[in-house]
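Survey of secondary and tertiary structure
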Amino acid sequence: MSRYGVLGQPFDQAQWHPYAPNLQEDRTPWSCATAAGESLMDLHESEDLVRFRAEAVAWLDAHAPRPGSAGDFTVGRERPFVDGCRRWQATLSEAGWAGVAWPVDFGGQGRSALFELVFRREQARYGVSTAAFDVGIGMVGPTLMVHGTDAQKASHLPALLRGEEVWCQMFSEPGAGSDLAGLSTAARRRPGGWTINGQKVWTSYARFADFAILLARSDAARPKHHGLTCFLVDMRTPGIEIRPIPQMNGAAEFNQVFLTDVEIPDDAVLGEVDGGWAVANTMLGSERGLVGEEWPGVAELCQIARARGRATDPLVRQGIAGTFVREQILHYLDLRIQSRLGNGEPVGALASVFNLFFADHLRRSGNVAASLLGPGMLTAPSQIGLAGRWQFHLLTAPSVRIASGTDEIQRNILGERALGLPREPRPEPGSSDPSLRPAPARSQA
Ligand SMILES: Cc1cc2nc3c(=O)[nH]c(=O)nc-3n(C[C@H](O)[C@H](O)[C@H](O)COP(=O)(O)OP(=O)(O)OC[C@H]3O[C@@H](n4cnc5c(N)ncnc54)[C@H](O)[C@@H]3O)c2cc1C
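Computed from a predicted model, the values in this text were never measured in an experiment. (Residues numbered from 1 in each chain as written. Predicted model: local features only at pLDDT ≥ 70, side-chain atom pairs only at ≥ 80, totals over all residues.)

With respect to the overall build of the chain
Scanning the chain for helices and strands turns up 13 helices and 10 strands. Looking at the chain residue by residue over its 445 residues, the buried ones come to 39%. For the chain, contacts bridging at least 24 residues in sequence account for 69% of all contacts bridging at least 6. (Helix = DSSP H or I, 4+ residues; strand = E, 2+ residues; numbered from the N terminus. Buried ≥ 20, exposed ≤ 12 C-beta atoms within 10 Å, placed from the backbone. Contact = placed C-beta atoms within 7 Å.)

Topic: helix 8 (residues 298-307)
Within helix 8, burial applies to Val298, Leu301, Cys302, Ile304 and Ala305. In a view along the axis of helix 8, the buried residues occupy a sector of 165 degrees, so they form one face of it. Positive backbone phi, at 65 degrees, marks Gly309, one or two positions downstream of helix 8. (Arc of directions from axis to C-beta.)

Considering the nonpolar core
Judged by nonpolar contacts, the single largest core of 61 residues is most densely connected at Ala209, Ala212, Ile213, Leu214 and Phe231. The element best represented in this core is strand 6 (residues 211-217), accounting for 6 residues. Two domains share this core, each providing at least three of its residues, namely domain 1 (23-133) and domain 2 (167-285). Not counting chain neighbours up to four residues away, the residues in contact with Phe231 comprise Ala187, Trp194, Leu214, Ala216, Ile264, Ala268, Val269 and Leu270. Membership of the second largest hydrophobic core comes to 24 residues, among which are Val316, Ala351, Met377 and Ala387. (Core = buried A, V, L, I, M, F, W, Y, C linked by C-beta atoms within 7 Å. Domains from an automatic or database assignment.)

Some details on unusual backbone geometry
A positive phi angle is found at Asp274, which is not glycine, with a value near 65 degrees. Assignment of secondary structure puts Asp274 in the loop between strand 10 (269-270) and helix 7 (276-285). The partly exposed category is assigned to Asp274, around which 16 C-beta atoms lie within 10 Å.

A look at the site of the ligand
In the vicinity of the ligand lie 22 residues, with Phe171, Gly177, Ser178, Thr406 and Glu408 positioned nearest. Of all elements in the fold, only strand 3 (167-170), strand 5 (193-204) and helix 13 (407-418) reach the threshold of two or more residues within the shell around the ligand. No fewer than three residues from each of domain 2 (167-285) and domain 3 (288-423 + 437-445) sit in the shell around the ligand. (Near = placed C-beta within 6 Å.)

Brief notes about the packing of helix 10 (residues 350-373) against helix 12 (residues 385-400)
The geometry of a pair of packed helices is captured by two quantities: the angle between their axes and the separation between those axes. Here helix 10 crosses helix 12 at 145 degrees, and the two axes come no closer than 9 Å. Where helix 10 crosses over helix 12, the handedness of that crossing is left-handed. Packed against helix 10, whose contacting residues are Phe358, Ala359, Leu362, Arg363, Gly366, Ala369, Ala370 and Leu373, the element helix 12 presents Ala387, Trp390, His393, Leu394, Ala397 and Val400 at the interface. Split by residue class, the contact of helix 10 with helix 12 holds 11 nonpolar, 2 polar and 1 charged. (Axes fitted to C-alpha atoms, helices over the stretch in contact; angles between N-to-C directions. Left-handed = near helix turned anticlockwise from the far one by under 90°. Nonpolar A, V, L, I, M, F, W, Y, C, P; charged D, E, K, R; others polar.)

Let's talk about the confidence of the model for the chain
Scored by pLDDT, the chain comes out at a mean of 84, with 84% of its residues at no less than 70. Low pLDDT, under 50, characterises residues 1-30; the predicted model gives this stretch 36 contacts beyond four residues in sequence or across chains. Note that residues 433-441 has pLDDT below 50 and, in this model, 18 contacts with residues that lie over four places away or in other chains. (pLDDT = per-residue confidence, 0-100.)

Let's talk about the environment of Phe357
By the element assignment, Phe357 lies in helix 10. For Phe357, a count of 17 C-beta atoms within 10 Å translates into the label partly exposed. Setting aside residues no more than four positions away along its own chain, Phe357 makes contact with Ile329, Leu330 and Leu333.

Considerations on the packing of helix 10 against helix 13
In contact at an axis separation of 9 Å, helix 10 and helix 13 are set at 145 degrees when each is read in the N-to-C sense. Crossing angle aside, the handedness with which helix 10 passes helix 13 is left-handed. Contacts between helix 10 and helix 13 pair Ser352, Val353, Asn355, Leu356 and Ala359 from the former with Asp407, Gln410, Ile413 and Leu414 from the latter.

With respect to the pairing of strand 9 (residues 254-265)
Of the pairings in the sheet, the one linking strand 5 to strand 9 comprises 9 bridges and is antiparallel in character. Looking at the pairing, Lys200 lines up with Val257 of strand 9. Note that strand 8 (residues 240-244) and strand 9 share 5 bridges and pair antiparallel. Residue pairing for strand 9: Glu241 is matched across the bridge by Phe258. (Pairing = 2+ DSSP bridges.)

Here it is, written out as structure tokens:
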């Protein structure tokens, strides 16, 4: 118990490894499997991984600012945050820590996704972030590797790892979110390229982005999944107007994007013309909640409980213990997903389990913090410091229930694919009954 920091004891942040406590100490090689022999995950931390973690921690200690210190840029989602992400990504790149799980051929370290996870978890303990590259490095890069031409890869992959290109994802529209394939932004052919007209919404980081992946309808006559094309769009192209949407957490992370007669060249097509649905699915397949990324958790709750003299309050202890248990569950869910990815297996409905559980966890841990901090949590003057970080958490966590597929869509996936329940009613072709919702396209990744 002592290694988790008993509430009554001084808390040693340096020894805090919330996501891998057992892996640190119990090095017995073992794996976990179902009764049918299906391998669920490998819990053995190899010598290589132990060494990697130690090197990462030593390097981060020497180069990354502490949370709350002068160099901490992780507050909010505005330009200083994005600029901080760019600088930090460049630092990672120069020091050889960028693209841990990217193939060596594309400038990465060629390690497994587990190494990437370990690095990100360790990095999350410092006042740094790479969140502005979640779309670019986490989603666009892997999509380019699969669908991009050699020229597209050469032009963008190295620049992404060096922190030179922030990307956004222009998929959702006012009339197409869960039912993404129903989108209506039009891509019309013209000599030498395409003309784009339409509107996108909820586009994270659009204001700060250099490039976007755009999904548009290139053939309105074909069935909706077959008439879509993906494009790589320079965000400085004339005809792109970006309007930020203020959020209750004080940031304006996402935006409306209006596209009026935007002319893009032929070589901006990513993948096949009218084959955009496959490209979009590759991209959505990389979209997943990022546990341990800048979200405060048990360590911060313990700190507050002690500072406020509430560490012996049974209800507070119960809330903190519950948070700890959920963090562990998330850790093992994540390991299962990483093991599947590492084995080249599809993640399947596990991604929905993870997303649902993660969103619920954030809501519950925010409530524990609110019960400890009281109204001070909402009146904290800035989002620096413990109360401020929890304020940002409380006001941001609800969005996790919507982003990358809503809770309802995740439940549909679990019902249909994991539990084998009857499929949700779909409209017959040509049906005009509005009560029959279309298939949850965003969930098809
Ligand atoms: C923080 C955040 C960041 C985002 N960033 C981006 C981004 O960068 N780029 C981008 O393209 N998009 C982005 N999005 C948009 C996001 O993908 C969509 O909001 C999401 O897919 C839901 O679509 P919608 O908002 O149109 O809701 P709708 O699809 O209209 O859903 C409305 C309600 O109906 C329910 N519903 C819909 N269909 C079904 C069904 N079949 N069964 C049961 N219930 C259903 C939904 O669960 C929801 O409660 C972001 C969203 C958030 C919150």
